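What follows is the residue order along each chain.
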Amino acid sequence: MLHHLDKAIGNASAADNSSTEVSNVILEKLSRRGFMQGTSAAFALGAFTAPAEAFIRYPTGGETMAQGLKYDPLIFVQLGTDGIVTIIAHRSEMGTGARTSLPMVLADEMGADWKQVKLVQAEGDEHKYGNQDTDGSRSMRHHIQSMRQMGASVRHMLVAAAAKQWGVDPSKVKVGVHTVSSGNKKASFGELAKTAMTQTVPKFEDLTFKKESEFRYIGKGNVGIYDLHDITTGKAVYGADVVIPGMKYAAIARPAVVGASPKKYDDSAARAVAGVESVWGLPISIMPAKFAPLGGIAVIASNTDAAIKGRDALKIEWGDSPHSKYDSEAFKAEMYKTAKEPGKVLRSEGDYEKAAKAADKVFSRSYYQAHMAHASMEPPVAVANVKDGKAEIWAPVQSPYGARQDIAKALNMDEANVRVNVTLLGGAFGRKSKCDFAIEAALLSQKIGAPVKVQWTREDDVRHSFYHTTSVERIEVALDKKGAVTGWRHNSVAPSILSTFAPDSGHQFFIESGMGHVDIPVEAPNMIVENGKALAHTRIGWFRSVSNIPRAFAAQSFMAELAHELGRDEKEVMLELIGSDRTLKPTAQGFPKDFWDYGEVYKEYPIDTGRLKNVLNLAADKAGWGKKLPAGQGMGLAAHRSFVTYTAAAARVEIVKGQIRVPEIHVAIDCGFAANPERIRSQIEGACVQGMTLAMHSGISFKDGAVVESNFHDYKVVRADNYPEKVHVHIVEHPFSVHAAGAGEPGLPPIAPAIANAIFNATGKRLREMPFGDTIDT
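Reference entry: report on the structure contained in this document. (Residues numbered from 1 in each chain as written. Predicted model: local features only at pLDDT ≥ 70, side-chain atom pairs only at ≥ 80, totals over all residues. Heavy atoms only, no water.)

1. Considering the layout of surface pockets
Stage number 1. Approximately 340 Å³ is the volume attributed to the second largest pocket.
Stage number 2. In terms of lining, the second largest pocket is formed by 16 residues, of which the most central are A289, A292, P293, A410 and I439.
Stage number 3. Among the residues forming the lining of the second largest pocket, the class breakdown is 10 nonpolar, 1 polar and 5 charged. (1 Å grid on protein atoms, 1.4 Å probe; cavity = no way out; pocket = protein on both sides within 12 Å on 5 of 7 lines; lining within 4 Å. Points joined across faces, edges and corners; volume = space filled by probe spheres on them. Nonpolar A, V, L, I, M, F, W, Y, C, P; charged D, E, K, R; others polar.)

2. A look at the packing of aromatic side chains
Ring pairs (aromatic) are described by centroid distance and by the angle formed between their planes.
Stage number 1. Summed over the entire model, instances satisfying the criterion amount to 21 aromatic pairs.
Stage number 2. Ring centres 5.6 Å apart and planes at 75° place the aromatic pair F291 and F501 in the edge-to-face group. Of this pair, F291 sits in the loop between β12 (276-282) and β13 (296-301) while F501 sits in the loop between β22 (485-493) and α15 (510-513), placing them 210 residues apart in sequence.
Stage number 3. Each ring, one from F509 and one from F510, has its centre 5.5 Å from the other, and the planes form 75°; the classification is edge-to-face.
Stage number 4. One aromatic cluster is present, built from ring pairs that chain together F291, F466, F501 and W542.
Stage number 5. Over the face of the ring belonging to F736 we find R148, whose NZ or CZ atom lies 4.6 Å from the ring centre. (Phe/Tyr/Trp six-rings, centres within 6.5 Å; stacked < 30°, edge-to-face > 60°. Helix = DSSP H or I, 4+ residues; strand = E, 2+ residues; numbered from the N terminus. Lys NZ or Arg CZ within 6 Å of the ring centre and 35° of its normal.)

3. So, the side chain of S366
Stage number 1. Its location among the elements puts S366 in strand β16 (residues 361-369).
Stage number 2. Under the relative-accessibility criterion, S366 is labelled buried at 16%. (Buried < 20%, exposed > 50% of the residue type's maximum accessible area, 1.4 Å probe, protein only.)

4. Structural notes on the sheet that holds strand β5 (residues 85-89)
Stage number 1. Taken in spatial order, the 3 strands of this open sheet run β4-β5-β6, and their pairing is mixed. Pairing within the sheet leaves two strands with one partner each, and these edge strands are β4 (77-79) and β6 (117-121). In this sheet, neighbouring strand axes are inclined to one another by 25° on average, regardless of whether the strands run parallel or antiparallel.
Stage number 2. Two strands pair when backbone bridges link them, and β5 and β6 are joined in this way by 5 bridges, in the parallel orientation. Each residue of the ladder has a partner; that of T86, found in β6, is K118. (Pairing = 2+ DSSP bridges. Axes fitted to C-alpha atoms, helices over the stretch in contact; angles between N-to-C directions.)

5. What about the pattern of salt bridges?
Stage number 1. Applying the stated criterion to the full structure yields 45 salt bridges.
Stage number 2. Residue K361 pairs with E565 through a salt bridge whose shortest N-O separation is 2.1 Å. Residue K361 is located in strand β16, and its partner E565 is located in helix α16 (residues 548-566); the two are separated by 204 residues in the primary sequence.
Stage number 3. Among the salt bridges present, the one from K603 reaches E604, with a minimum N-O distance of 2.7 Å.
Stage number 4. Connected via shared salt-bridge partners are R254, R311, D312, E440 and D460. (Salt bridge = Lys/Arg side-chain N within 4 Å of Asp/Glu carboxyl O.)

6. Some thoughts on unusual backbone geometry
Stage number 1. In the segment running from M287 into P288, the intervening peptide bond is cis, with an omega of 0°.
Stage number 2. Looking at where P288 falls in the secondary structure, it is placed in the loop between β12 and β13.
Stage number 3. The linkage connecting M770 with the following residue, P771, adopts the cis geometry, with an omega of 0°.
Stage number 4. Looking at where P771 falls in the secondary structure, it is placed in the segment after β30 (769-770).
Stage number 5. Unlike most non-glycine residues, H178 shows phi in positive territory, near 65°.
Stage number 6. Locating H178 in the fold gives a position in the loop between β7 (174-176) and β8 (179-182).
Stage number 7. Classification of H178 by relative accessible area gives buried; the value is 5%.
Stage number 8. Even without a glycine there, the phi angle at N412 is positive, about 60°.
Stage number 9. Residue placement: N412 occurs in the loop between α12 (400-411) and β19 (418-422).
Stage number 10. A relative accessible area of 71% places N412 in the exposed class.

7. Focus: the packing of helix α19 (residues 677-696) against helix α20 (residues 751-763)
Stage number 1. Direction vectors running N to C along α19 and α20 enclose 60°, while the axes themselves pass 8 Å from each other. The pairing of α19 with α20 is recorded here as oblique in orientation. Relative to α20, the crossing made by α19 is right-handed. Contacts between α19 and α20 involve A687, C688, G691, M692, A695 and M696 on the former and, on the latter, I751, A752 and I755.
Stage number 2. Looking at side-chain class alone, the contact of α19 with α20 contains 8 nonpolar, 1 polar and no charged residues. (Parallel < 35°, antiparallel > 145°, perpendicular 65-115°, else oblique. Left-handed = near helix turned anticlockwise from the far one by under 90°. Contact = heavy atoms within 4.5 Å.)

8. Some points on the pairing of strand β26 (residues 659-670)
Stage number 1. Counting buried residues along β26, 11 of its 12 residues qualify, which places the element largely inside the surrounding structure.
Stage number 2. Bridge analysis of strand β25 (residues 645-656) against β26 gives 10 bridges, and the strand direction is antiparallel. Bridge pairing links Y646 to D670 in β26.
Stage number 3. Here β25 folds back onto β26, and the loop between the two strands holds 2 residues, one of which, K657, carries a positive phi near 50°.
Stage number 4. Two strands pair when backbone bridges link them, and β26 and strand β29 (residues 726-732) are joined in this way by 6 bridges, in the parallel orientation. The residue of β29 that forms the bridge with V667 is V729.

9. Let's talk about helix α6 (residues 189-196)
Stage number 1. Residues of α6 that are buried: F189, G190, L192, A193 and A196. Down the axis of α6, the sector holding all buried residues measures 155°, keeping them to one side. Away from its buried face by more than 90 degrees, α6 exposes E191 and K194. (Arc of directions from axis to C-beta.)

10. With respect to empty space enclosed by the protein
Stage number 1. What the rule picks out here adds up to 8 cavities of 30 Å³ or more.
Stage number 2. Considering the residues around the largest cavity, the lining is formed by 26 residues, among which T96, S139, M140, A743 and G744 are closest to the centre.
Stage number 3. Put simply, the parts of the chain that give the lining of the largest cavity at least two residues each are α3 (98-110), α5 (139-166) and α19.
Stage number 4. Of the residues contributing to the lining of the largest cavity, the split by class is 12 nonpolar, 11 polar and 3 charged.
Stage number 5. Around the second largest cavity, the lining comprises 16 residues; the ones closest to its centre are I520, P521, Q556, L612 and A639.
Stage number 6. Within the residue set of the lining of the second largest cavity, elements represented by two or more residues are α16, α17 (570-578), α18 (609-623) and β24 (633-642).
Stage number 7. Examining the composition of the lining of the second largest cavity, we find that 4 residues originate from one element, α16, more than from any other.

Have a look at this one:
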């Protein structure tokens, strides 16, 4: 899910944690030494490896994000005299485990016992904590180095405190698990707490770091999510759980069509509802409006039920909007037509037109994806208390500092007078990067002079979201007489996220084009990548994996279709199209000058076709690709690079009385150094469940400018009677020197095409439009 185009643009999301049966994580080797098992209970400071050997700092996109990275342990760590190590979690928790994994890295490097670690969630303050946008699968990617550095700093400060107290040379001091010792002298972290935290914070070049063999938690997968007990016992605090004294409750009647204003309204019936206290208008926003609320009529009451009943009793006559005629079926037809026409050229290599004219055959297919809503388990909710020129917010937001800025602007306040407290997020997938719901609560609290909770219903969530864009992807190849691909053409037609932030040109911008479009690792001598014009008629927002979803669905489905057309094996054709083991060279291969590699320094995270082919082979091999399956079953493959991570899926489907079932999926993921395999496994598990949902069910349609769907009866998700029953996760093993990448979003793109390819192999029927339902005529 992308975030903050007005700052440094990047992408983000979150994954759900389903109850899917999961096999043990399998650590696959790539000619690397195995992860070291176990660790010593104590080790000499002098035995730690110097930075040049154990920790060669490398640049990431984190340095270029708004407010960048922070390395001050005095901000992130507190040592208590009782031995408790308090670590600030500056990333939001929505199921990805970022709130656990980053502090885990810090704790391991400093030598802390995880059982004596306490986490405190940071408020929105990037000046203090650095960038806090929890999105783009970059929490570990951007912050693993700073967490290790701060952990090493605190360890050195503990050593310095002990050496001073005992009058010994620091090199004679050993750090164990939550203890420090020298000869027969020994002290706990708690005993050294006061002195240690007054020591000078060492410079990076003076630090020593643990060897991988000395890690207790990093890379081991032995640390569960920090809040798991509270989540499972109902003690965890989500946005909907926040209650403060004197709080009122609000429900808002928002325009069904973006930009429509109320011509007139009658609130007499609403005011007659027991518990309703007042009715207020909120200003209508016109696209582009960033994350401004849609506006509408708000009902304030003493409880949520009364507020909703009062809202439903309002009689509102809405005016027209420039988007009142938006019809998704008609728009789909327009996109299909546009995709067949030449588009804006984004990448050109060789001469595709010449190759097509000389071809023995030109083969093409088009693929469609509907708009999608995030529909996270917890709908948007926020509590605001605005008084005495200050505002305090409690909300499940992915970007607390971004929310703080936007709320301050909406209230016409200095941001120094706004505090945003972050609760746990009951799912997000990018929706909660947009703080419109928090702004609503702040505006209403300011109006009534009392705390207000704005609680969205599921219907509010489905009908008034920032939707994943809809798209048509048309791919065409030129083939010679031997069936070899001599040219590749891909035209992507989709409304752009940029329309949320700036006047709409109808064309995607560089971030969207860098998601499986201009960067597709296909080895063809002639290539052209285009973008057809499509104007937005609703609020477009980032969604887990963003444009990678339709691009992977199209490219991987197309490769399988091409294999069938040529009478060849699906995996062989996919591998052949990826081509030789190489690192793509964007400039030499016709990439646009503004090519976006997920915000990273390209030389640190290049497109490596060998790694992509490896995960495809790994998933296929583990799934038993090539083995004969019973009638009514089929297996399909897909592989995709996104968020600088390589992922492949092998899905097995079974058709039971016309119902499409997915009994098993094997997923191989290469995300560089796997800092927390337990969370990676969970992310992939969630990606399989959500991927099946997107493939079969998640489709938002518009009629007369308004969303047709409203709740889970017509905007369906997979349920317990039909979901991926077994998920096998294969994590490619790497040492720390292979940079950690993302895991939250990359698991999603290959799932839908793998399922679609499996359905074809089981039935002979090709599904090219998502969602394609969970039944099929056989």
